Amino acid sequence: MDFFLGLHIGYTVHEKVMTWQIVLRRVGKVFDERTVLRDISATMTAPGAWVISGPNGSGKSTLLRIIAGLLTPTEGAVQYLYNGERLTARQQRQAVGVVAPDMALYRPLTALENLRFFARARGLPLRDSDLLEWLERVQLRSRAHDPVATFSTGMVQRLKVITALLHRPPVLLLDEPSSNLDEAGARFIYQTVQEHAQHGIVVIATNDTRELGYGEPLIQLGA
Amino acid sequence: MNRSSSWAHEAVAVFAKDWLLELRTRVALGAVVLFAVTSVVASGFALAPPSGVPAEVKAALLWVVVFFAAVAGLSRVFVVEEETRTADALRLAVSPAGVFAGKLAFNTVLMWMLCAITVPLYLLLLEVPLRNVSLLVVVVVLGSTALACATTAVGAIVAKATMRGALFGVLAFPVALPPLLVAIHATKAAWLSDSAWRVAAGDLQVLAGFMLVIVPASVLVFEHIWSE
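Described in the following lines is the structure provided in the data block.

Basis of the calculations
Residues numbered from 1 in each chain as written. Chains lettered and ligands numbered in written order. Predicted model: local features only at pLDDT ≥ 70, side-chain atom pairs only at ≥ 80, totals over all residues. Heavy atoms only, no water. Buried < 20%, exposed > 50% of the residue type's maximum accessible area, 1.4 Å probe, protein only. Helix = DSSP H or I, 4+ residues; strand = E, 2+ residues; numbered from the N terminus. Right-handed = clockwise from strand over helix to strand, strands pointing away. Pairing = 2+ DSSP bridges. Salt bridge = Lys/Arg side-chain N within 4 Å of Asp/Glu carboxyl O. Phe/Tyr/Trp six-rings, centres within 6.5 Å; stacked < 30°, edge-to-face > 60°. Expected span 1.5 Å × (residues − 1). Bend = angle between axes of the 7 residues up to and from the residue. Contact = heavy atoms within 4.5 Å.

## Looking at the pairing of strand β7 (residues 171-175) of chain A
Strand residues, when the strand is regular, have side chains that alternate between the two faces of the sheet.
Residue and element names in this part refer to chain A.
Next up, step 1: In terms of burial, β7 is a largely internal element, 5 of the 5 residues being buried.
Next up, step 2: Side-chain alternation along β7 places Val171, Leu173 and Asp175 on one buried face and Leu172 and Leu174 on a second face that is also buried.
Next up, step 3: For the segment spanning β7, helix α7 (residues 183-196) and strand β8 (residues 201-206), crossover handedness is right-handed.

## Details of the pairing of strand β4 (residues 75-82) of chain A
Residues and elements named next belong to chain A.
Next up, step 1: Two strands pair when backbone bridges link them, and strand β1 (residues 20-31) and β4 are joined in this way by 7 bridges, in the antiparallel orientation. Considered in β4, the bridge of valine 23 is made with glutamine 79.
Next up, step 2: Pairing between β4 and strand β5 (residues 85-86): 2 bridges, direction antiparallel. Bridge pairing links tyrosine 82 to glutamate 85 in β5.
Next up, step 3: Here β4 folds back onto β5, and the loop between the two strands holds 2 residues, one of which, asparagine 83, carries a positive phi near 50°.

## Concerning unusual backbone geometry
Next up, step 1: Cis geometry is found at the peptide bond from Ala46(A) to Pro47(A), where omega equals 0°.
Next up, step 2: Positionally, Pro47(A) belongs in the loop between β2 (34-45) and β3 (48-53).
Next up, step 3: One non-glycine residue with positive phi stands out, namely Arg168(A), at about 50°.
Next up, step 4: By relative accessible area, Arg168(A) is classed as partly exposed at 23%.
Next up, step 5: Positioned with a positive phi, Arg26(B) is a non-glycine residue whose angle comes to about 55°.
Next up, step 6: On the secondary structure map, Arg26(B) appears in the loop between α1 (7-25) and α2 (27-46).
Next up, step 7: A relative accessible area of 54% places Arg26(B) in the exposed class.

## Concerning the pattern of salt bridges
Next up, step 1: In this structure the tally under the stated criterion is 17 salt bridges over all chains.
Next up, step 2: Salt-bridge contacts for Glu136(A) lead to Arg141(A); the nearest nitrogen and oxygen are separated by 4.0 Å.
Next up, step 3: As a salt-bridge pair, Asp208(A) and Arg210(A) come within 3.5 Å of each other at their nearest N and O atoms.
Next up, step 4: Via salt bridges that share partners, Arg65(A), Glu82(B), Asp88(B) and Arg91(B) belong to a single interconnected network.

## Quick notes on the packing of aromatic side chains
All names here are of chain B.
Next up, step 1: If you walk through the whole model with that rule in mind, you get 13 aromatic pairs over all chains.
Next up, step 2: An angle of 50° between the planes, with centres 5.1 Å apart, marks the rings of phenylalanine 78 and phenylalanine 222 as tilted. Of the two residues, phenylalanine 78 is situated in helix α4 (residues 76-83) and phenylalanine 222 in helix α9 (residues 196-227); the sequence distance between them amounts to 144 residues.
Next up, step 3: For phenylalanine 78, a relative accessible area of 0% corresponds to the buried category.
Next up, step 4: Taking the centre distance of 5.3 Å and the plane angle of 20° together, the rings of phenylalanine 222 and tryptophan 226 count as stacked. Of the two residues, phenylalanine 222 and tryptophan 226 are both situated in helix α9; the distance of 4 residues between them amounts to about one turn of the helix.

## Things to note about α9(B)
Next up, step 1: Over its 32 residues, α9(B) extends 45 Å from the first C-alpha to the last, a length consistent with the 46 Å expected when each residue adds 1.5 Å.
Next up, step 2: Helix geometry: α9(B) is bent most strongly at Gly202(B), by close to 35°.

## Quick look at the sheet that holds β5(A)
All names here are of chain A.
Next up, step 1: Across the sheet, 4 strands lie side by side as β2-β1-β4-β5; this open sheet has antiparallel pairing. Because the sheet does not close on itself, it has two edges, and the strands there are β2 and β5.
Next up, step 2: Two elements, β1 and β2, share 8 bridges in a ladder whose sense is antiparallel. Pairing of glutamine 21 across the sheet is with threonine 45, part of β2.

## So, the environment of Val158(B)
All names here are of chain B.
Next up, step 1: Tracing the chain through its elements places valine 158 in helix α7 (residues 133-158).
Next up, step 2: Remark: the alpha-carbon pair of valine 158 and valine 79, spanning 79 residues in sequence, is separated by 8.1 Å.
Next up, step 3: When residues no more than four places from it in sequence are discounted, the contact partners of valine 158 are Arg164, Leu167, Phe168 and Leu171.

Listed below in structure tokens is the structure:
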């Protein structure tokens, strides 16, 4: 199943209809006898953006990690469907891009070296010139050869976003993406969400009033 | 977008990334080489004159130094990904088998570098009577690779535990003991025996067999540990 071909067509000229779906079936998560999530069900069909909201500690990040496949739910399941067919764990991993505060890049490496590693690891045939173009899109080309440790919070966030998009995943998961960002940084996140939501699925976990309007309300936790 | 990501490609990417990080930070190299060189030099002075020390003791001491140096540096290869919060990005980009193979390759090369520094220094300072150089090279390569396999496997298991240090010691001891014992025996044969290859043949088979068993078993276990 070459779903990336479908996505690529979706990006360019053909009006091929592709149906991407993420289905949450009665998802629950318990940590050390403490129930964090219970009986969460939802369906997201591309294209679109959805928002998971709730106060701090309500389980937003946990739910996003479960959707990303980084955590296994204690109950229920998360299914990725492409044209009705269920994806394997490996395909699911390749279909997702994640930006989260607790997901760091390699700080001793430069921006270009980080992108080069993730491109190689994912088997992407990208040359340095391609990666520099990615950095150009987020105004980081002039800092391509600087270690990430020397970057500001906003610069790291922009680099995280292009790292998550490098393999052109149909699903983009964002955990409080505008936190600690200035207006320009927040605008960049908004534009990224709007662009991606035109052909793929964007899920945002947030309690930031700006970000609540970035997509359709999907789940309100802790309510 | 075309993609050709197999676990072997992923492992090469992880291996290259880890060496790049190591060359920038020198955390593992510093810990391993400093420990090994200090231990060897201290042994050399403490056992002077070394001619009176039995070969069995010298062989055991060499591998004890190599083992503890490995524990000091190699066990951190997975832990560092958790501590620097890069583990999730790695989980999403690379399959568990690719991560394990890349980390194992990194640790193995680190062990070879450690032995390339430690063994000649040890032979020099402790005046070891060397009868069979080629066998010693084979034993050191196989023994250090087996120890790299053992420490990588245990390091992967304890990476997400809270009491990593204590757990690593408890788990590494029984896993590393078999290759350590046969490496000591084979090293003694390389130093003393006229028919060294015959004496050490069984030891070399055990070392090779150990690696053939522990690597696939570790990959299977690692897939479950790494995913959650």
